[in-house]
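An overview of the molecular structure
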Amino acid sequence: MAEPGAPTAGLRTEYPFTLPRGYVDEQGRVHRAGVLRLATAKDELTAHSEPMVRQNAAYLSIFLLMRTLVRLGTLASVDRFVVEHLFASDLAFLQDLYRRVNQQGHTEAEVSCPGCGHEFLVDVAGTP
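Below is a summary of the structure that appears in this document.

Parameters and conventions
Think of each chain on its own: its residues are numbered from 1, step by step along the sequence as written. In view of the model being predicted, local features appear only for residues whose pLDDT reaches at least 70, and side-chain atom pairs are presented and counted only at 80 or more, with totals across whole chains, interfaces and linings using the full set of residues. Hydrogens and water are ignored here; the side-chain numbers use all heavy atoms of the structure. Only runs of H or I of at least four residues qualify as helices and only runs of E of at least two qualify as strands under DSSP, and these elements are numbered from the N terminus. Contacts between residues were defined by any pair of non-hydrogen atoms, one from each residue, lying within 4.5 Å. Here a polar contact means two N or O atoms within 3.5 Å. Within protein one must be a hydrogen donor candidate and the other an acceptor candidate, and residues neighboring in sequence count only if both atoms are side-chain atoms. Here, a strand pair is defined by DSSP locating no fewer than two bridges between the strands. A pair of aromatic rings is counted whenever rings of Phe, Tyr or Trp (Trp by its six-membered ring) have centres within 6.5 Å, and the orientation is called stacked for planes under 30 degrees apart, edge-to-face for over 60 and tilted otherwise. Throughout, exposure labels follow a simple rule: accessible area from a 1.4 Å probe, protein chains only, divided by the maximum for the residue type, with under 20% read as buried, over 50% as exposed, and the rest as partly exposed. Each patch is built from residues lacking any salt bridge and having more than 30% relative accessible area; the joining distance is 9 Å for like charges and 5 Å for nonpolar side chains (Val, Leu, Ile, Met, Phe, Trp, Tyr). Residue exposure ignores everything except the shown protein chains as possible cover, and the areas themselves are Shrake-Rupley values with a 1.4 Å probe. By definition here, a salt bridge exists when the distance from a side-chain nitrogen of Lys or Arg to a carboxyl oxygen of Asp or Glu is within 4 Å.

Details of the environment of His 31
Tracing the backbone through its elements, the reader meets His 31 in strand E2 (residues 30-37). In the structure, His 31 is positioned 12 residues away from Leu 19 in sequence and 8.2 Å away in space, judged by C-alpha atoms. With residues up to four places along the chain from it excluded, the contact list for His 31 reads Leu 19, Gly 22, Tyr 23, Asp 25, Leu 72, Gly 73, Thr 74 and Leu 75. Of note is the side chain of His 31, whose polar atom sits 2.8 Å from the side chain of Asp 25.

Examining the side chain of Asp 25
Structurally, Asp 25 can be placed in the loop between strand E1 (14-24) and E2. Engagement of the side chain of Asp 25 in a polar contact is seen with the backbone nitrogen of Arg 29, the distance being 2.9 Å. Asp 25 has contacts with His 31 and Leu 75, leaving out every residue within four places of it along the chain.

Side note on the pairing of E2
For a regular strand, side-chain orientation follows a simple rule: the groups alternate between the two sheet faces. Here E1 pairs with E2 via seven bridges, running antiparallel. Each residue of the ladder has a partner; that of Glu 14, found in E2, is Arg 37. Linking two consecutive strands that pair antiparallel, namely E1 and E2, is a turn of five residues; a positive phi of about 85 degrees is found at Gly 28 within it. Across three bridges, the pairing between E2 and strand E3 (residues 69-72) is antiparallel. Counterpart to Val 35 in the pairing with E3 is Arg 71.

Details of the packing of aromatic side chains
A complete count under the given rule lists two aromatic pairs for this structure. On the numbers, 6.3 Å between centres and 55 degrees between planes, the contact of Phe 17 with Phe 93 is tilted. Of this pair, Phe 17 sits in strand E1 while Phe 93 sits in helix H5 (residues 88-104); the two residues are 76 residues apart in sequence, bridging distant segments of the chain. On the basis of relative accessible area, Phe 17 is assigned to the buried category, the value being 1%. A centroid spacing of 6.5 Å and a plane angle of 55 degrees characterise the contact between Tyr 59 and Phe 63, whose relative ring orientation is tilted. Take Tyr 59: its relative accessible area is 24%, and that puts it in the partly exposed class. Look at Phe 63 and you get buried, because its relative accessible area is 5%.

Here's the deal with a nonpolar patch on the surface
A surface patch of nonpolar side chains, about 250 Å² in accessible area, is lined by Val 24, Val 30 and Phe 87. Inspection of the secondary structure puts Val 30 in strand E2.

Following this line, the structure appears as structure tokens:
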């Protein structure tokens, strides 16, 4: 029997991504590749109970991303400082990715070619 809380076979719980710009650390290294995991109820509840979130709802996405970012480049960990210092375009990318994987269960978006109108799926996580 599987351990309680262990991932179910076939259930995708982690989503690799590539940031549009990347986080620049204090040594000037750029970190673009990362992994976001599915959020749990505890992630949501814990983030909502943070004092900063209660004072300013805009911090909710910061705390949710901080809890669900498994890896970003070669950083030892992803904390609030890292998420707060992402470029705005990278933060928006991660907020959209979080929403897609936790509400829709995938990272694909349906798009259409502006030239011919052909519709196809694109993986917005930026992974090959």
